[in-house]
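Notes for the structure review
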Amino acid sequence: MLRLTLADEAATEALGGVLAHTAPRSGWVALHGQLGAGKTTLVRSFLRALGYAGRVVSPTYTLVEPYEIEGHRIAHYDLYRLADAEELEWMGAREDFGADTLCLVEWPERGEGVLPPPDLAIRLEHQPAGRACFLEALSPTGASWLVRVKDRLKEWGLSPS
């Protein structure tokens, strides 16, 4: 497990950059945290670091927003309004989670029972000053990714707390 203190939005954006530049081609990240904890900011900075220049909003009503960036497919899920985890089956989510796609999932607990285990879990928590961020590898893919993240933190102005 890796713990970081994210003092401000710029630090959250830097973490998004580190994650993007070390990401595997496929797999998925479970993004946990209360409303306003910075999950969408993290996803937005991840996509921007890969060169995406368009508008990035949380897909709260559509549940998923796919992105193609230089031949790399990324699916941003927001399951906050998911009524039943089985809806993911009807949406064809299994294809994203089993294919050459990197999935970033807000509110993953709403998809329990349908979603496979994540590769990396990230929890963002409000603190009096900024946010605490906990990254935990939950698969071999996640473990390799977390090693790469740790190796690149300093170049993005971040350090473990």
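A brief report on the enclosed structure follows. Model, not experiment: these values are computed from the prediction.

**A few points about the overall build of the protein chain**
- Broken down by element type, the protein chain carries five helices and seven strands.
- Along its sequence from the N terminus, the protein chain presents helices and strands in the succession β-α-β-α-β-β-α-α-β-β-β-α.
- Taking 15 Å as the expected radius of gyration for a compact globule of 161 residues, we find that the protein chain reaches 15 Å, a close match to that expectation.
- Projected onto its principal axes, the C-alpha coordinates of the protein chain cover approximately 40 × 35 × 30 Å.
- Considering only contacts within the protein chain whose residues lie at least 6 apart along the sequence, 67% involve residues at least 24 apart.
- On the protein chain, roughly 7,900 Å² of surface is accessible, and the fraction owed to carbon and sulfur atoms is 50%.
- Separation between the mean location of the 16 positive side-chain charges and that of the 22 negative ones in the protein chain comes to 6 Å.

**Looking at empty space enclosed by the protein**
- All told, the structure shown has one cavity of 30 Å³ or more when counted by the stated rule.
- Estimated volume of the largest cavity: approximately 60 Å³.
- Considering the residues around the largest cavity, the lining is formed by Leu19, Val29, Leu31, Leu42, Val43, Phe46, Leu104, Ile122 and Trp145.
- Elements with a minimum of two residues in the lining of the largest cavity: β2 (27–32) and α2 (39–49).
- Sorting elements by how many residues they give to the lining of the largest cavity places α2 first, with three residues.

**What about the packing of aromatic side chains?**
- If you walk through the whole model with that rule in mind, you get four aromatic pairs.
- When the centroid spacing of 5.3 Å and the interplanar angle of 45 degrees are considered together, the rings of tyrosine 77 and phenylalanine 97 count as tilted. Of the two residues, tyrosine 77 is situated in strand β4 (residues 72–78) and phenylalanine 97 in helix α4 (residues 93–98); the sequence distance between them amounts to 20 residues. Pair check on accessibility: tyrosine 77 and phenylalanine 97 agree, each one buried.
- Through a chain of ring-to-ring contacts, three or more aromatic side chains come together here, namely Trp28, Tyr77 and Phe97.

**What about unusual backbone geometry?**
- Notably, glutamate 70 is not glycine yet its phi reads approximately 50 degrees, a positive angle.
- Unusually for a residue other than glycine, tryptophan 107 sits at a positive phi of about 60 degrees.
- Here tryptophan 107 is to be found in the loop between β5 (101–106) and β6 (120–126).
- According to the relative accessible area criterion, tryptophan 107 is buried, its value standing at 11%.

About the thresholds
- Residues numbered from 1 in each chain as written.
- Predicted model: local features only at pLDDT ≥ 70, side-chain atom pairs only at ≥ 80, totals over all residues.
- Heavy atoms only, no water.
- Helix = DSSP H or I, 4+ residues; strand = E, 2+ residues; numbered from the N terminus.
- Rg over C-alpha atoms; globule rule 2.2 N^0.38 Å.
- Contact = heavy atoms within 4.5 Å.
- Areas by Shrake-Rupley, 256 points an atom, 1.4 Å probe, with all protein chains shown as cover.
- Lys, Arg positive; Asp, Glu negative; His and termini not counted.
- Charge placed at Lys NZ, Arg CZ, Asp CG, Glu CD.
- 1 Å grid on protein atoms, 1.4 Å probe; cavity = no way out; pocket = protein on both sides within 12 Å on 5 of 7 lines; lining within 4 Å.
- Points joined across faces, edges and corners; volume = space filled by probe spheres on them.
- Phe/Tyr/Trp six-rings, centres within 6.5 Å; stacked < 30°, edge-to-face > 60°.
- Buried < 20%, exposed > 50% of the residue type's maximum accessible area, 1.4 Å probe, protein only.

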